[in-house]
Amino acid sequence: MEEQLHPNSNQPTEIVRPASGGAVKVKGAGLFRRRWPLFLGLGLLTLLTIAIITFFSVNAALESKYAGKIEPGVSISGVYIGEMTRDEAKAAVFKQLEGYTQKPVVLGFQDKEWKPTLEQLGVTINLDASLDKAAAYGKSGDFFKDMRLFKLLSPEVHNLPLEMQMDETKLNTYLEGVSQSLRIETVEPTVALNPEGILVTTEGKEGFNVDEEGTFAAIKANLTSLVPTSDNLLKVHSVPPVITTQEVTDFKASITPVLSGPVTLSFKDKTWTFDQKTIAAQVKINRSTDKKEPRHLSYTFETAYFEKFVNDLGPKINQEPKEAEVGWVDNKVGFTKPGLNGQFLVLPRTLDTLNAAFNSTDPEKRKVALAVDVKEPALSSDHPEKLGNFELVGEGVSQFAGSAYERATNIKVGAKYLNATIIKPHSVFSFLDSIGEISQKRGYVEGYAIMADQTVPDVGGGICQVSTTTFRAAFFAGLPIVERNAHIYRVSWYEEMGEPVGFDAAVYQPGVDFKFENPTDYYMYVTSGIENGRLYVRIYGNKTPNQKVELIQQPITNVTLPPPDRTEVDPKLAPGQRKQVDSARKGLTTGITRVIKVDGQEIKRSTFGTRFKEWPNIFKVGPTPKPDPTKAPADPTKPADNTQPPGTTAPANAPTTPPAGTTAPAPKPTTPAAPTPKP
């Protein structure tokens, strides 16, 4: 009897084994119930052991079955080679390749077709490498993962690509050959100007070319299937023109204004026309087929031709303004010619308007009037007010009654030429210019005049009375005196009416002049005439309001006595004839002062100084007669029949009065004896 503890009790269990070897009897309460889990665990362990042994036995059997074969479910480019040996798989793939290598693909375009071989396509199949990959498939190195039974329980399908080597250069070369055979070149549109200046365009045409990248990809994809295809694998794409139809349309719209018709220039009654041919000749069309350029059509419009054309019109248009000519009209100052406006072409404004015309489609706006600036002359008949009011502004008077015929004649002739002299604004009046040449052909006669310190006959003696009277008129008009020269000696003619000593002006022609200025913006004129043995010179112009001119006699100083009498032989006198031509005068220094006042306020003071030279009595005598040998000489002891020698004439006028026509202008130190005085 054995005694054991029941698994669920601390009480021993008695096991009785019969001697005969019969069934074991357990004595003790609950012995079996206490030990049944042990029996169950032993059973399960046994079953597990059996299962494992069975699994490995089956797996070993399967491994034996598939040893040296490719895993089930494996294909190469669609050719199933699973459960095959390497040789069987190779044969299967070779069978699939039969006929494929010679015509693997078809390339076609329109009526052309190409069926290249794999060699032409640059393709080399590496079947061994493909089989190596197929044989290695399913062998990861993981014991459990690589167990055959597991692979069968969860089978996988795997299609391996056929290992190929592609010579892309060879493939591209082949495709380039195909491209050359089917390529249709793109035709770009054209735009040009014909000889008549008309825009001519041609349409572009699409080109075609092989899409080498697309074709290459299609061939490569097809080769991996190992199945010849009748599908056309040639990919062809269109090549549109770089210059689009829209660009041509836009360009035509942009250039249309320039070529929309002629452009005309006009000025008054003159017209110049640029026809379309001329305009188009200045247009340059720029065309580019560079895809990188943002614009492919443009034009430039050269303006140099038009600028030169307009500039050359300048000499035909430009003219300086011409002042109206002023003269005596109906016994008064008026316009003898109306004057002419100046006009000058303005190039910049004309060109701006011209450029705008070229860019307009409006025919009216393509007519351009030249831009011309008009400049009025300083004096125009349209503005008679610019001549002035012609009020009496100054008067000069001198008396010449009692003068010799020659002197009186010359005074009258000089006054005639001085009369109606017109003086422009801001100009200088010249006495000698106003009376013109002093000559016999103009009406002057010969009288006595002073040449240096000689009294000689000369044409125009007495003209200094006209210049002196003009000086007096300018003096009282308050006009600026530009040039005034005193006589060489004191002349009583200019003091006949009580005028101050030295109120005179001598002239020579040529050389010494009397001048005054017209400082106003208006015209002046001079009149002169004879009235009752007096000479009047009047100056007319715009009078300064409330102007008054005062004359002040300066003291007489530095008085010197006359020199001794002087006798001169005159071949024109008869032998023995004697004639007094000039009277003795004292020398002196004096002057006159002019004071100009406006509204009682002095605005200017000027002094005109004079130095009169002392002067002798001058006598002219005829040449001494030659003795007559047939006559006895006269007895000097016998008295004459009268107190005056035969053949002599009495002195003209009083000793202080000069002979007719013998006023004496004072010579300048640098003036030679040649000039002819016109006293």
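Refer to the preceding data block for the structure.
To keep things clear, this report deals only with the structure shown in the data block. (Residues numbered from 1 in each chain as written. Predicted model: local features only at pLDDT ≥ 70, side-chain atom pairs only at ≥ 80, totals over all residues. Heavy atoms only, no water.)

1. Quick notes on unusual backbone geometry
Residue proline 510 follows glutamine 509 across a cis peptide bond; omega there is -5°. Note that proline 510 resides in the loop between β30 (508-509) and β31 (515-518). Backbone geometry at asparagine 546 places phi at a positive 60°, although glycine is not the residue there. On the secondary structure map, asparagine 546 appears in the loop between β33 (534-541) and β34 (547-553). Judged by its relative accessible area of 56%, asparagine 546 falls in the exposed class. In the Ramachandran plot, asparagine 558 falls in the positive-phi region, its phi being about 55° despite a non-glycine side chain. With respect to the element layout, asparagine 558 can be found in strand β35 (residues 557-560). Relative accessible area serves as the criterion here: at 52%, asparagine 558 is assigned to the exposed category. (Helix = DSSP H or I, 4+ residues; strand = E, 2+ residues; numbered from the N terminus. Buried < 20%, exposed > 50% of the residue type's maximum accessible area, 1.4 Å probe, protein only.)

2. Focus on the side chain of glutamine 465
Along the chain, glutamine 465 turns up in helix α14 (residues 463-477). By relative accessible area, which is 0% here, glutamine 465 ends up buried.

3. With respect to the pairing of strand β12 (residues 199-202)
Here strand β11 (residues 190-193) pairs with β12 via four bridges, running antiparallel. What sits directly across from alanine 192, in β12, is valine 200. A loop of five residues connects β11 with β12, the two strands running antiparallel in sequence, and glycine 197 in this loop sits at a positive phi of about 85°. (Pairing = 2+ DSSP bridges.)

4. Description of the sheet that holds strand β15 (residues 263-267)
The sheet built from three strands is open, its strands ordered β16-β15-β22 with mixed pairing. Two strands in the sheet have a free side with no partner beyond their single neighbour: β16 (270-274) and β22 (367-369). Geometrically, the sheet is characterised by an average inter-axis angle of 20° between neighbouring strands, direction not taken into account. For β15 and β22, the ladder comprises three bridges, and the chain directions are parallel. Its bridge partner lying in β22, threonine 264 is registered against lysine 367. Helix α9 (residues 304-312) contacts β15 and β16 of the sheet and is inclined by roughly 165° relative to β16. Contacts from helix α11 (residues 347-358) reach β15, β16 and β22, with the element oriented near 150° to β15. (Axes fitted to C-alpha atoms, helices over the stretch in contact; angles between N-to-C directions. Contact = heavy atoms within 4.5 Å.)

5. Notes on the packing of aromatic side chains
Inspection of the entire model under this criterion finds 23 aromatic pairs. A centroid spacing of 5.2 Å and a plane angle of 50° characterise the contact between phenylalanine 390 and tyrosine 525, whose relative ring orientation is tilted. Highlighted residues: phenylalanine 390 in the loop between β23 (372-375) and β24 (391-399) and tyrosine 525 in strand β32 (residues 524-531), separated in sequence by 135 residues. Of the two residues, phenylalanine 390 and tyrosine 525, neither departs from the other in class, the shared state being buried. With centroids separated by 5.3 Å and ring planes inclined at 80°, the aromatic side chains of phenylalanine 475 and phenylalanine 476 adopt a geometry described as edge-to-face. Look at phenylalanine 475 and you get buried, because its relative accessible area is 0%. In this structure, arginine 566 is placed above the aromatic ring of tryptophan 615, and the distance from its NZ or CZ to the ring centre is 6.0 Å. (Phe/Tyr/Trp six-rings, centres within 6.5 Å; stacked < 30°, edge-to-face > 60°. Lys NZ or Arg CZ within 6 Å of the ring centre and 35° of its normal.)

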